Amino acid sequence: MIYSKIAGTGRYLPERILTNADLEKMVDTSDEWIRTRTGIEQRHIADEEQMTSDLCVKAAQNAMDSAGVAADDIDMIFVGTTSPDLIFPNIATIIQHKMGIPACACYAVEAACSGFVYALSAADKFVRTGDAKCVLVIGAEIITKLIDWDDRSTCVLFGDGAGAVVLKPSGEPGILSTHLGADGQYQQLLYYPVGVSNNLAAAGVGDSRIMMSGNDVFKVAVKTLTAVAQEALDANDVDLDELDWLVPHQANLRIIQATAKRLKLPMEKVIQTVQIHGNTSAASIPLAFDVAVRDGRIKRGQLVLFDAFGGGFTWGAVLLRY
Ligand code: ACO
């Protein structure tokens, strides 16, 4: 049986850091409010001239170095993002060109904060069927370009970044199962009101911003993250105490804590990086995963669960043996 296995991980966070103290000077907020409601202490902000593909290239190179693969080895690219460089061509083709990767299929996946898990799930199927041998899977955002910096209810939450993995076939168990879902009835709770066929003229004139009903998002997020995580465990007959690590979407520390509590999972088994980079949407899970792999917490052979939730609403879980 062929499994797909994560052969290497990488990340990139832009150099510029915006702290809660910086935000206190921009809107009517406080470090204390932001920390107690979200856990966030700082976020990274891309420079004006940086494109999302630039962040992807750095994270991808990092992952390829750790996997010991070169540009010539890559035969498919998946990118989960809501903030691509251009409407077209798709961001994966831009990354392919920038990195000198030979002609191959390039997918861009838009599933808001669940984008990486959606992309990983699809990439897993190509590897398992033998159609791909070395896949770059990236989650990345420059989401702060969609932020209204006068709106204190959203501007304190988000940050920019990219995370990546290299996926290769293996005879040893790697990704055990993936579980995706979406329910479009929740669109109005979290959305960005501009698209190609809708209100495009408003883009860039400062009257468009992320629309969010924070309290409602919070409740559905906790319920859904818990349910899809449990679905992945049940599908593999895995008891909670067999799980080594939960890597949840890093939106908000309170959402993460509430999900762990509902799952009855001790916080010691939960990777938390939202404090240092805020909500980086599709980048958050691969970022958190790379941090914990590189600092030695997540080790080869351990059982790891990715747990994602985002606008749509979309959601997904991936259970894997690292
Ligand atoms: N600083 C100070 N006060 C603020 C701020 C701020 N940055 N933002 C809102 N407030 C005020 C509100 O105006 C309100 O004041 P009022 O009582 O005078 O009207 C008060 O704080 C309480 O507002 P609530 O919205 O009830 O605050 P809550 O405790 O729900 O926290 C938060 C808000 C942090 C947004 C929370 O609802 C949340 O985490 N929701 C999840 C949203 C999320 O994570 N979205 C990310 C995208 S979705 C995803 O990635 C899963």
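Residues numbered from 1 in each chain as written. Predicted model: local features only at pLDDT ≥ 70, side-chain atom pairs only at ≥ 80, totals over all residues. Heavy atoms only, no water.

A. Representation of helix α5 (residues 115-128). Between its first and last C-alpha, α5 extends 20 Å over 14 residues, near the 20 Å set by a 1.5 Å rise per residue. Trailing α5 by a residue or two, G130 shows a phi angle of about 85 degrees, which is positive. (Helix = DSSP H or I, 4+ residues; strand = E, 2+ residues; numbered from the N terminus. Expected span 1.5 Å × (residues − 1).)

B. The arrangement of the pattern of salt bridges in detail. Per the stated rule, a full pass over the model turns up eleven salt bridges. For R128, the salt bridge identified is with D124, shortest N-O distance 3.1 Å. In this pair, R128 and D124 both sit in helix α5, four residues apart, roughly one turn of the helix. Its relative accessible area of 2% is what places D124 among the buried residues. (Salt bridge = Lys/Arg side-chain N within 4 Å of Asp/Glu carboxyl O. Buried < 20%, exposed > 50% of the residue type's maximum accessible area, 1.4 Å probe, protein only.)

C. View of the environment of L243. If you trace the backbone, L243 turns up in the loop between α7 (214-235) and β11 (245-248). For the pair formed by L243 and F289, sequence separation is 46 residues and the distance between their alpha carbons is 15 Å. Aside from chain neighbours lying at most four places away, what touches L243 is L233, L265, K269, L303, V304, L305 and L319. (Contact = heavy atoms within 4.5 Å.)

D. Representation of a nonpolar patch on the surface in the model. Taken together, the side chains of I87, F88, V196 and L200 present a nonpolar region at the surface, about 470 Å² in accessible area. Turning to its location among the elements, I87 is positioned in the loop between β4 (76-80) and α4 (91-99). Residue classification places I87 among the exposed positions, given a relative accessible area of 62%. (Patch = residues over 30% accessible without salt bridge, like charges linked within 9 Å, V, L, I, M, F, W, Y side chains within 5 Å. Areas by Shrake-Rupley, 256 points an atom, 1.4 Å probe, with all protein chains shown as cover.)

E. Structural context of the nonpolar core. One finds I210, L243, I255, L305, F309, F313 and L319 to be the most contacted residues of the largest nonpolar core, which totals 45 residues. Elements that contribute at least two residues to this core include exactly α7, α8 (253-263), β12 (303-310) and β13 (314-321). Considering each element in turn, this core owes the most residues, ten residues, to α7. Listed in part, the 31 residues of the second largest apolar core include V109, V127, I285 and A308. (Core = buried A, V, L, I, M, F, W, Y, C linked by side-chain atoms within 4.5 Å.)

Bear in mind that shape data such as this cannot, by itself, settle questions of function.
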